[in-house]
Amino acid sequence: MAPIRVLQVMPAMDAGGMETFVMNVYRTIDRTQVQFDFLYHYNKPCFYDDEIAALGGRITKLTVRQDNNIPRYLRQLDGFFAANPYRIIHGHYSGFGMFYNRAAKRRGVPVRVGHSHNTAYEPNLVGTLDRLMSSRFDRLLTDRFACSQKAGEMLFGKSPFTVLPNGIRVDDFAKPEPGARERIRAQWQVPDGAPLLGHVGRFSKQKNHLGLLDIFAAVHRRDHDARLALLGAGPLEGEVRARADALGLADRVIFAGVRGDTAACYAAMDAFLLPSLFEGLPVVLVEAQAAGLPCFVSDTVDPGAAFADGVHFLPLDAPEAWAQALCGGALARNPNARRQAVDAGYDIRTSARVLQQFYIGRAAGVTP
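Residues numbered from 1 in each chain as written. Predicted model: local features only at pLDDT ≥ 70, side-chain atom pairs only at ≥ 80, totals over all residues. Heavy atoms only, no water.

Asker: What is the right way to look at the pairing of strand β4 (residues 88-91) in this model?
Answerer: Working note: regular strand, side chains alternate between the two faces of the sheet. Side chains I88 and H90 project from β4 onto one buried face, and the interleaved I89 and G91 project onto a second face that is buried too. One ladder, built from four bridges, connects strand β1 (residues 4-9) with β4; its direction is parallel. Directly across from Q8, in β4, lies its bridge partner H90. Relative to strand β5 (residues 111-116), β4 is paired through four bridges, and the arrangement is parallel. Residue pairing in the sheet places I89 in a bridge with R112 of β5. (Buried < 20%, exposed > 50% of the residue type's maximum accessible area, 1.4 Å probe, protein only. Helix = DSSP H or I, 4+ residues; strand = E, 2+ residues; numbered from the N terminus. Pairing = 2+ DSSP bridges.)

So, in structure tokens, the structure goes:
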């Protein structure tokens, strides 16, 4: 029997937290029973394109986020769902859900799933528009998932939803390859004994890289040997580079780009910093905790994201408090990290099993 094909609706499949979670599930499910296809809203090459194709997924790319041609987008949606009779679509893109869910329902897609991955919107015009459009996302859904309780409440209000933790391949992070720490630190030219702080995230307003540089400047005043590694890419990278240069930190900040070996990079770090303005349940924080790193996190992040020892929540308006916490003692790794991650439900095998059973049950017409 052919597998159930589930359409994952995304902005695109670049190396972000939401995308990484979907890929973690995709790698882990039994693809003889459930297969993923993808509908993008950007027509561009993406980080995960090749892997999706290798796993048997079909990718359709629309151009609406480049040309903003909504009438053409609506025609493309109608034609797409007319030609592809899916039983299940899983929407991770709330802003355009008011369009694709309507088109899917019109063409007879019986199961329309929504998934909330965040607790707030960007504090700008784009975020305001996203909030207005997302307010209509819930109306045509048949089922709902969220990465956390707060994320679900933010997007779905009083509608029922299931909290599904952002699972990861725990052993990849808890048991990195031998020699990974030494290899990455040598690659980044980090001296022996120098503290290496790390961050993983897209260069966007939400991730607050400028605030992170203020924190690192306060750390650097206390410890001139400290380094900061920034993994990721995004529209604000040039601004962040300029700020690092203005602070006199250009030779202490490592712009590492988008990496396929993040587990090795976590092994190279001595602490993980996440000064985001808001988050749902950040996959990178799950990964960093599973890697055993002490984590220093803004108090705007849901404290429910902490499941392991060594997670510290700090106010964004107090860089010196972050510096004191980071420099005030040894940055010891958590020896219980793997067990705590698995016990908290963050093993991807748990998340994949939940979704696989959900898809199979709903495709068969069984209400979960």
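Asker: Just checking my understanding: could you explain the packing of aromatic side chains for this structure?
Answerer: All chains considered together, the criterion is met by 19 aromatic pairs. Where F36 meets Y359, the ring centres are 6.0 Å apart and the plane angle is 90°; that geometry is what we call edge-to-face. Here the residue F36 occupies a position in strand β2 (residues 34-40), and Y359 occupies one in helix α16 (residues 348-363), the gap between them amounting to 323 residues. By relative accessible area, F36 is classed as buried at 1%. Members of the aromatic cluster, connected to one another through ring pairs, are Y26, F36, F38, F145, F358 and Y359. (Phe/Tyr/Trp six-rings, centres within 6.5 Å; stacked < 30°, edge-to-face > 60°.)

Asker: Just to check I follow, could you spell out unusual backbone geometry for this structure?
Answerer: Keep in mind that most residues, glycine aside, have a negative phi and that most peptide bonds are trans. With phi around 55°, N68 is a residue other than glycine that occupies positive phi space. Checked against the element boundaries, N68 lands in the loop between α3 (64-67) and α4 (70-83). A relative accessible area of 56% means that N68 is categorised as exposed. Backbone geometry at N208 places phi at a positive 60°, although glycine is not the residue there.

Asker: Would you explain a positive patch on the surface in this entry?
Answerer: Taken together, the side chains of R102, R106, R136 and R139 make up a positively charged region of the molecular surface. Counting through the fold element by element, R136 comes out in the loop between α6 (125-134) and β6 (143-146). (Patch = residues over 30% accessible without salt bridge, like charges linked within 9 Å, V, L, I, M, F, W, Y side chains within 5 Å. Areas by Shrake-Rupley, 256 points an atom, 1.4 Å probe, with all protein chains shown as cover. Salt bridge = Lys/Arg side-chain N within 4 Å of Asp/Glu carboxyl O. Lys, Arg positive; Asp, Glu negative; His and termini not counted. Charge placed at Lys NZ, Arg CZ, Asp CG, Glu CD.)

Asker: Would you take a moment to explain the side chain of D49 for this structure?
Answerer: By secondary structure assignment, the location of D49 is in helix α2 (residues 49-54). With a relative accessible area of 12%, D49 lands in the buried category. Beyond its immediate sequence surroundings of up to four residues, D49 is in contact with Y40, K44, I59 and K61. (Contact = heavy atoms within 4.5 Å.)

Asker: Even after reading the chapter, I still don't get empty space enclosed by the protein, so can you show me in this structure?
Answerer: Over the atoms rolls a probe the size of a water molecule, and its path tells where empty space is left. The tally for this structure, following the rule as stated, stands at one cavity of 30 Å³ or more. What the largest cavity holds in volume is close to 40 Å³. As for the largest cavity, its lining consists of Q8, F21, V22, V25, F36, H90, H92, L355 and Y359. Of all elements in the fold, only α1 (17-28) and α16 reach the threshold of two or more residues within the lining of the largest cavity. (1 Å grid on protein atoms, 1.4 Å probe; cavity = no way out; pocket = protein on both sides within 12 Å on 5 of 7 lines; lining within 4 Å. Points joined across faces, edges and corners; volume = space filled by probe spheres on them.)

Everything listed here is a matter of geometry and, on its own, says nothing about what the molecule does.
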